[in-house]
Amino acid sequence: MSESSCYHCGLPIPDGVDLSVKIAAAPRAMCCYGCQAVAQSIVDNGLEEYYRSRDSLPESPREAMPAILEQLALFDHAEFQKSFVKELGENEREASLLLEGITCSACIWLNEQHVGRLPGVTAVDINYTTRRARVRWNESRVKLSDILGAIAAIGYRAYPYDAAKNEEISRKERRDALWRLWVAGFGMMQVMMYAYPVYIANGDMSADIENMMRWASLLLTLPVVFYSSAPFFRNAWRDLKLRRVGMDVPVALGVGAAFVASCWATYMQAGEVYFDSVTMFVFFLLGGRYLEMTARQKALSVTEALAKLMPTFAQKMPNFPVDRSTEQRVVSDLLPGDFVLVRAGDIVPADGRVVEGVSCANEALLTGESKPVPKSPGESVTGGSINAESPLVVQVEQIGDGTRLSAIINLMERAAAEKPRIVEMADRIASYFVAVLLAIAVLVALGWYWVDPSKALWITVSVLVVTCPCALSLATPIALTVAAGALAKDGLLVTRGHAIETLARATHFVFDKTGTLTTGRMHLIDVGVVGNLREAECLAIAAALEQSSEHPVATALRKAAGEAFPTAVDAVSEPGQGVEALVNGQRYRIGRPSYALALSNADLPDTAVDWLESGDTVVMLADSTGCQAFFRIGDEIRPESLALIAELKSVGKKVILLTGDAPAVARRVGAALGIENVRAGMTPQGKHDCVKTLQVEGAVVAMVGDGVNDAPVLAQAQVSVAMGGGAQLARTQSDFVLLSENLDHLRHGLRRAVKTLQVIRQNLWWSFAYNFIALPLAIAGYVTPWMAGIGMSASSLLVVLNSLRIQRVRSD
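These numbers come from a predicted model, not from an experiment.

1. Topic: the overall build of the protein chain
Then comes step 1: On a plain count of helices and strands, the protein chain comes out with 32 helices and 29 strands.
Then comes step 2: Partitioning the intrachain contacts of the protein chain with sequence separation of at least 6 by distance along the chain shows that 67% fall at a separation of at least 24.
Then comes step 3: Just so you have it, the protein chain exposes about 36,800 Å², and 56% of that area is on carbon and sulfur atoms.

2. A word on the side chain of Asp512
Then comes step 1: Inspection of the secondary structure assignment puts Asp512 in the loop between strand E18 (508-511) and helix H21 (513-517).
Then comes step 2: With relative accessibility at 6%, the residue Asp512 sits in the buried group.

3. Describing the confidence of the model for the protein chain
Then comes step 1: When pLDDT is averaged along the protein chain, the result is 78, and 81% of the positions lie at 70 or above.
Then comes step 2: Taken element by element, the protein chain is modelled with least confidence in helix H30 (residues 728-731), mean pLDDT 48, and with most confidence in E18, mean pLDDT 92.

4. Details of the sheet that holds strand E9 (residues 327-330)
Then comes step 1: Reading across from one edge, E9-E8-E10-E16-E11-E14 is the order of the six strands in this open sheet, with antiparallel pairing throughout. Across the chains shown, the open sheet's two edge strands, defined by having one partner strand only, are E9 and strand E14 (380-381).
Then comes step 2: Relative to strand E10 (residues 339-342), strand E8 (residues 313-316) is paired through two bridges, and the arrangement is antiparallel. Each bridged residue has a counterpart across the sheet, and for Lys316 the counterpart in E10 is Val340.

5. A look at the pattern of salt bridges
Then comes step 1: As enumerated under the stated definition, the model contains 15 salt bridges in all.
Then comes step 2: Put simply, Glu327 and Arg329 hold a salt bridge, and the shortest N to O gap is 2.6 Å.
Then comes step 3: Since its relative accessible area comes to 28%, Glu327 is described here as partly exposed.
Then comes step 4: With a relative accessible area of 34%, Arg329 lands in the partly exposed category.
Then comes step 5: Across the pair Glu501 and Arg505 runs a salt bridge whose closest N-O atoms are separated by 3.9 Å. With Glu501 and Arg505 both in helix H20 (residues 499-505) and four residues apart, this pair spans about one turn of that helix.
Then comes step 6: Residue classification places Glu501 among the buried residues on the basis of a relative accessible area of 17%.
Then comes step 7: Overlapping salt bridges, with partners in common, bring together Glu647, Asp744, Arg747 and Arg751 in one network.

6. Considerations on the sheet that holds strand E13 (residues 373-375)
Strand pairing in a sheet relies on backbone hydrogen bonds, with the paired strands running either antiparallel or parallel.
Then comes step 1: Judged by pairing direction, the sheet is antiparallel, and its three strands sit side by side in the order E13-E12-E15 without closing on themselves. Where the open sheet ends on each side, the last strands, each with one partner, are E13 and strand E15 (386-387).
Then comes step 2: Bridge count for strand E12 (residues 359-362) against E15 is two bridges, and the pairing is antiparallel. Looking across to E15, one finds that Ala361 is bridged to Asn387.

7. Quick look at the environment of Leu472
Then comes step 1: Tracing the chain through its elements places Leu472 in helix H18 (residues 470-475).
Then comes step 2: The exposure class assigned to Leu472 is buried, which follows from its relative accessible area of 3%.
Then comes step 3: Remark: the alpha-carbon pair of Leu472 and Asn771, spanning 299 residues in sequence, is separated by 9.5 Å.

8. Side note on the packing of aromatic side chains
Then comes step 1: Enumeration over the complete set of coordinates arrives at seven aromatic pairs.
Then comes step 2: An angle of 10° between the planes, with centres 5.4 Å apart, marks the rings of Trp182 and Phe186 as stacked. Residue Trp182 and its partner Phe186 are located together in helix H8 (residues 163-201), separated by four residues, close to a single helical turn.
Then comes step 3: With a centroid separation of 6.0 Å and 85° between ring planes, the pair formed by Phe226 and Phe259 is classed as edge-to-face. Remark: Phe259 occurs in helix H11 (residues 248-268) and Phe226 occurs in helix H9 (residues 207-228); sequence separation between them is 33 residues.
Then comes step 4: Residue class for Phe226 comes out exposed when judged on its relative accessible area of 59%.
Then comes step 5: Among the aromatic residues, ring-to-ring pairing joins Trp179, Trp182 and Phe186 into one connected group.

9. Concerning the pairing of strand E11 (residues 351-356)
For a regular strand, side chains alternate in direction, first toward one face of the sheet and then toward the other.
Then comes step 1: Two strands pair when backbone bridges link them, and E11 and strand E16 (residues 392-398) are joined in this way by five bridges, in the antiparallel orientation. Bridge pairing in E16 links Arg353 to Gln395.
Then comes step 2: Bridge analysis of E11 against E14 gives two bridges, and the strand direction is antiparallel. Its bridge partner lying in E14, Gly352 is registered against Val381.

10. Description of the environment of Tyr274
Then comes step 1: Looking at the secondary structure, you find Tyr274 in the loop between H11 and helix H12 (275-299).
Then comes step 2: Look at Tyr274 and you get buried, because its relative accessible area is 10%.
Then comes step 3: With 16 residues separating them in the primary sequence, Tyr274 and Ala258 have C-alpha atoms 6.2 Å apart.
Then comes step 4: For Tyr274, the residues in contact, after removing those within four places along its chain, are Ala258, Ser262, Ser454, Leu457 and Trp458.

11. Remarks on the packing of H11 against helix H17 (residues 453-466)
Then comes step 1: Taken N-terminus to C-terminus, the directions of H11 and H17 make an angle of 160°; their axes are 8 Å apart at the nearest point. Here H11 is positioned roughly antiparallel relative to H17, judged by the angle of their axes. For H11 against H17, the interelement crossing comes out left-handed. Between H11, through Pro250, Leu253, Gly254, Ala257, Ala258 and Ala261, and H17, the contact on the second element is made entirely by Leu457, Val461 and Leu464.
Then comes step 2: Looking at side-chain class alone, the contact of H11 with H17 contains eight nonpolar, one polar and no charged residues.

12. Some details on unusual backbone geometry
Then comes step 1: Looking along the chain, the bond that leaves Phe320 and enters Pro321 is cis, with omega of 5°.
Then comes step 2: Although it is not a glycine, Asp570 adopts a positive phi angle of roughly 55°.
Then comes step 3: Summarising the element assignment, Asp570 is placed in strand E20 (residues 568-574).
Then comes step 4: The phi angle at Asn584 is positive, at roughly 55°, despite the residue not being glycine.

13. A few points about the packing of helix H10 (residues 230-241) against H11
Then comes step 1: As a packed pair, H10 and H11 sit with axes 8 Å apart at the nearest point and diverge in direction by 120°. Relative to H11, the element H10 is oriented oblique. Taken as a pair, H10 and H11 cross one another with a handedness that is left-handed. From H10, Pro231, Phe232, Phe233, Asn235, Ala236, Asp239 and Leu240 reach across to H11, where they touch Asp248, Val249, Val251, Ala252, Val255 and Gly256.
Then comes step 2: Residues of the contact of H10 with H11, tallied by class, amount to nine nonpolar, two polar and two charged.

14. Some remarks on helix H23 (residues 552-561)
Then comes step 1: Taken together, the buried positions of H23 are occupied by Val553, Ala554, Ala556, Leu557 and Arg558.
Then comes step 2: Its buried side turned inward, H23 meets strand E19 (518-529), helix H22 (535-545), strand E22 (586-591), strand E23 (617-623) and strand E24 (626-637).
Then comes step 3: Of the residues flanking the end of H23, it is Gly562, one or two places downstream, whose phi is positive at about 90°.

15. Digging into a nonpolar patch on the surface
Then comes step 1: Among the surface-exposed residues, Trp179, Trp182, Phe186, Met189 and Tyr227 lie close enough to one another that they form a single nonpolar patch of about 590 Å² accessible area.
Then comes step 2: In terms of residue count, the dominant contributor to the nonpolar patch is H8 (four residues).
Then comes step 3: Mapped onto the fold, Trp179 is located in helix H8.

16. Remarks on the nonpolar core
Soluble globular proteins tend to bury their nonpolar side chains together.
Then comes step 1: Ranked by internal contacts, the top residues of the largest apolar core, which has 47 residues, are Ile500, Leu503, Phe509, Phe511, Leu517, Phe736 and Leu746.
Then comes step 2: For this core, the element with the highest residue contribution is helix H31 (residues 743-780), accounting for eight residues.
Then comes step 3: In contact with Phe509, not counting residues within four places along its chain, are Leu503, Leu648, Lys653, Lys654, Val655, Ile656, Ala702 and Leu750.
Then comes step 4: Membership of the second largest hydrophobic core comes to 40 residues, among which are Leu181, Phe275, Tyr290 and Val463.

17. So, the pairing of strand E27 (residues 701-705)
Then comes step 1: Burial of E27 is extensive: five of the five residues sit out of reach of the surface.
Then comes step 2: Both faces of E27 are covered, namely the face carrying Val701, Met703 and Gly705 and the face carrying Ala702 and Val704.
Then comes step 3: Relative to E27, E18 runs parallel, the two being bridged by four bridges. Opposite Phe511, over in E27, you have Val704 as the bridge partner.
Then comes step 4: Both E27 and strand E28 (residues 719-723) contribute to a ladder of four bridges, which runs parallel. Looking at the pairing, Gly705 lines up with Ala722 of E28.

Calculation criteria
Residues numbered from 1 in each chain as written. Predicted model: local features only at pLDDT ≥ 70, side-chain atom pairs only at ≥ 80, totals over all residues. Heavy atoms only, no water. Helix = DSSP H or I, 4+ residues; strand = E, 2+ residues; numbered from the N terminus. Contact = heavy atoms within 4.5 Å. Areas by Shrake-Rupley, 256 points an atom, 1.4 Å probe, with all protein chains shown as cover. Buried < 20%, exposed > 50% of the residue type's maximum accessible area, 1.4 Å probe, protein only. pLDDT = per-residue confidence, 0-100. Pairing = 2+ DSSP bridges. Salt bridge = Lys/Arg side-chain N within 4 Å of Asp/Glu carboxyl O. Phe/Tyr/Trp six-rings, centres within 6.5 Å; stacked < 30°, edge-to-face > 60°. Axes fitted to C-alpha atoms, helices over the stretch in contact; angles between N-to-C directions. Parallel < 35°, antiparallel > 145°, perpendicular 65-115°, else oblique. Left-handed = near helix turned anticlockwise from the far one by under 90°. Nonpolar A, V, L, I, M, F, W, Y, C, P; charged D, E, K, R; others polar. Patch = residues over 30% accessible without salt bridge, like charges linked within 9 Å, V, L, I, M, F, W, Y side chains within 5 Å. Core = buried A, V, L, I, M, F, W, Y, C linked by side-chain atoms within 4.5 Å.

Have a look at this one:
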């Protein structure tokens, strides 16, 4: 055969294609990855004689799928890739794909292995529950169309991920599954109508009538086997061709063997028929898979809702503020600096800042906070939030991948693409279990054929079906997916695959102070009255003096005084010192003690010494007679911090506070929250070393910090939680992001993580217990084929339903 044509199929080799397989000790040219995969499989199985003895050429994947391959070529265009391909380096690319045709964990393994062997592909991660694939490749060595073609060559379809396409595929899967289920159910009922009279006749039915009943049952079983059961056979055949034993292999063997044996018995008019059993367990298997698919898609509803938040169009105001005319523009065409009009009820199209209007934004899906957030000029708005009350004019600041919503989705995709160790372990066990099951089925068939040949077939079929490890492969991924969706709804975003499991196992919780246990905002802690004025009078005078200042200390004093305070006149501000002014005809100073006391040349009161050594900010109010009051101002403790620390301690967790603040400040916060282990004056390296020491001692450390300042210690901890503020979100490497910055959501998230780990253990124990109980019963002949179908479906369904309980964890 000419080197310009494919050695496998004979078609011409396209320009630029350099693929080959070593056949008969010589490299043979191939025209596409599909032919290369098939030819390599033939060689690996020792079947090279096929190429010497064949008298015709096989159909090429390029011939079988011309429309598909022509469509795949479009994916190589740079413009087409903009929406779903990321550039990671000069030639490094990463795409988020959606796979169609995935039915079990073996499908995941097959695709990961097949695509991962392509030259130039550097990483492939596929999530079973979401059907999402993250593929990374070197564009100089392999094209995206080649990757998609390789996936198509083994019987699957891959598309660029987008929410609308995912919904369309999900809807198609549900419709197809429902039709197959309906055909199987209808066939089962009709076959039972013919099988039941034979059962109750108990041998009294004439041979002609019984034979007619059998032929009628055969005809009614045909659509169940060739239509409803088609996915089982198709998937099993694909696995066997690729030398894999997937979970559909034992099912297909069981259904096929029972049907063929029944057809033979009908034709020979002798022996047992199992048409009723075939239709029943096909119906129950499909019913279980349909319910599992519905539950899985429901569990993903939160994630998919986020992906669909951003609107397609926006009302751009091209001449604002000269005029207020609007024109509809595609959101992807917006640029930073553009002005958009967001009407009441509309979705904010991009991250930006309000320049006109007062309203409230619903950010529930983004942060987990159900209360609308007030928005006024100067305040930021997040793309994907809903403008709840009145129109806003927003200036765009971030678009596309730079938005907060995009960062959230990317972090969720990162988590979905990573496989925790517990999932990988379950998948490995399941793959070995199927191989062992087939070996046991062979032994059972031989044993029963020797003991009682009339029972050998149906007992073997029962063994094949009843112990298929579908529940085992579902036990962990479905629970983690449900948990991740529920946590995201609560405002706690999972960004790493291992995060939920590790959070549940954490023994030590280490907290930063500023911005974590505290808000990072100043507030009035205490007032020390020294002179003759009352506390309320001192606060009112202090607020009057600070009424024109934007300093955090001034803001804290005005907030503490309330809205009613006198007016200050002749105010003079000394930068870095304080303010002097007339209030109610009396001259006052507020600020540093030395500056305030200079008005009267009085001495520092003895009672103020301890306050000045506390580490908090202390300002003095003084008049011409001397000091009137001290105000101690410090970082405000989050109101939900106390409940979080109390709950952690109540369940036996060790709590540690690490902070760079002064010891007195750290001790005050620790005492207020009930934290005994407080370490102050810590540098970032000191925090890192402290966590490392705990880990050496055997602790599983969960670190909660602000995500940027605490980056080294967050990376060192086994599991980390970052407060999800603004631009920090896209850069975080933490395992969780607390989007709402509400520690109650972390408290509820810990409960949910613990519940998830319990559910995973329950699912795994149930899966193993079910198989260890069902297998001996099936081998002993106590489980009929239709009972096996019910058992297998029920075991998988029980795992799914048990996982859905994670959504109902109490959040009080």
